[in-house]
Amino acid sequence: MTLLMFSGEYDKALAGLILANSGREMGMDVTMFFAFWGLCLVRDPEKMTLEDKSLYEQMFGMVTPKGIEDLPLSRMNMAGLGKAMLKEMMEDEDTPPLTAFLNGARKKGVQFYGCKLSVDIMGFKKEELLPEVQIITAADFLQEAMESQIQLFI
């Protein structure tokens, strides 16, 4: 299964990571390709840097989500209130937070790729991403997706 993660929103990241973890638990090879806003899912908030970046890259880096828990909801975010409500509802249902799904995918061996063009345009550095993230081109991802039985775009 290949998932192209384009969205940088909490609920969509949750859906993608639930599918990735479930696929691995079923014995599937799972690849996640993070492009543009999706890169915020695999950004390591402890390793962000402003060094060797243009002014625009520095500004962009400061206004984008710092890590996976900083992502907004896709709908009804309401300045963060909607997300707080969702997280409370998840807790009431004993659902782990988004970080737990990300760490589960990492431990289960989900393959993480970052889109080279997206990384370059958004001004991110490889060192700012989780160590499992390999930077590849869109053509490389498409080659893998063509060999996959399930392709999803989130």
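Residues numbered from 1 in each chain as written. Predicted model: local features only at pLDDT ≥ 70, side-chain atom pairs only at ≥ 80, totals over all residues. Heavy atoms only, no water.

Describing the packing of helix 1 (residues 10–25) against helix 4 (residues 98–108)
Angle between the axes and distance between the axes are the two parameters that describe a pair of packed helices.
Then, in step 1: Following both chains from N to C, one finds helix 1 and helix 4 inclined at 35°, their axes separated by 9 Å at the closest point. Seen along the crossing, helix 1 lies across helix 4 with a hand that is left-handed. Taking contact as the criterion, the partners of Y10, A13, L14, L17, I18, N21, R24 and E25 in helix 1 are, on helix 4, L98, F101, L102, G104, A105 and K108.
Then, in step 2: Here the residues of the contact of helix 1 with helix 4 are counted per class, giving nine nonpolar, two polar and three charged. (Axes fitted to C-alpha atoms, helices over the stretch in contact; angles between N-to-C directions. Helix = DSSP H or I, 4+ residues; strand = E, 2+ residues; numbered from the N terminus. Left-handed = near helix turned anticlockwise from the far one by under 90°. Contact = heavy atoms within 4.5 Å. Nonpolar A, V, L, I, M, F, W, Y, C, P; charged D, E, K, R; others polar.)

Quick look at the packing of aromatic side chains
When we look at a pair of aromatic rings, we describe it by the centre distance and by the angle of the planes.
Then, in step 1: By the definition in use, this model includes five aromatic pairs.
Then, in step 2: Ring centres of F6 and F36 lie 6.2 Å apart, and the angle between their planes is 65°; this geometry places the pair in the edge-to-face category. Linking F6 in the loop between strand 1 (2–5) and helix 1 with F36 in the loop between strand 2 (31–34) and helix 2 (55–63), this pair joins segments that are 30 residues apart in sequence.
Then, in step 3: You can call F6 partly exposed: its relative accessible area is 35%.
Then, in step 4: Where F34 meets F112, the ring centres are 5.5 Å apart and the plane angle is 85°; that geometry is what we call edge-to-face. Of this pair, F34 sits in strand 2 while F112 is found in strand 3 (residues 111–115), placing the two residues 78 residues apart along the sequence. Comparing F34 with F112 shows no difference in burial state: the two are buried.
Then, in step 5: Members of the aromatic cluster, joined through ring pairs, are F6, F36 and F153. (Phe/Tyr/Trp six-rings, centres within 6.5 Å; stacked < 30°, edge-to-face > 60°. Buried < 20%, exposed > 50% of the residue type's maximum accessible area, 1.4 Å probe, protein only.)

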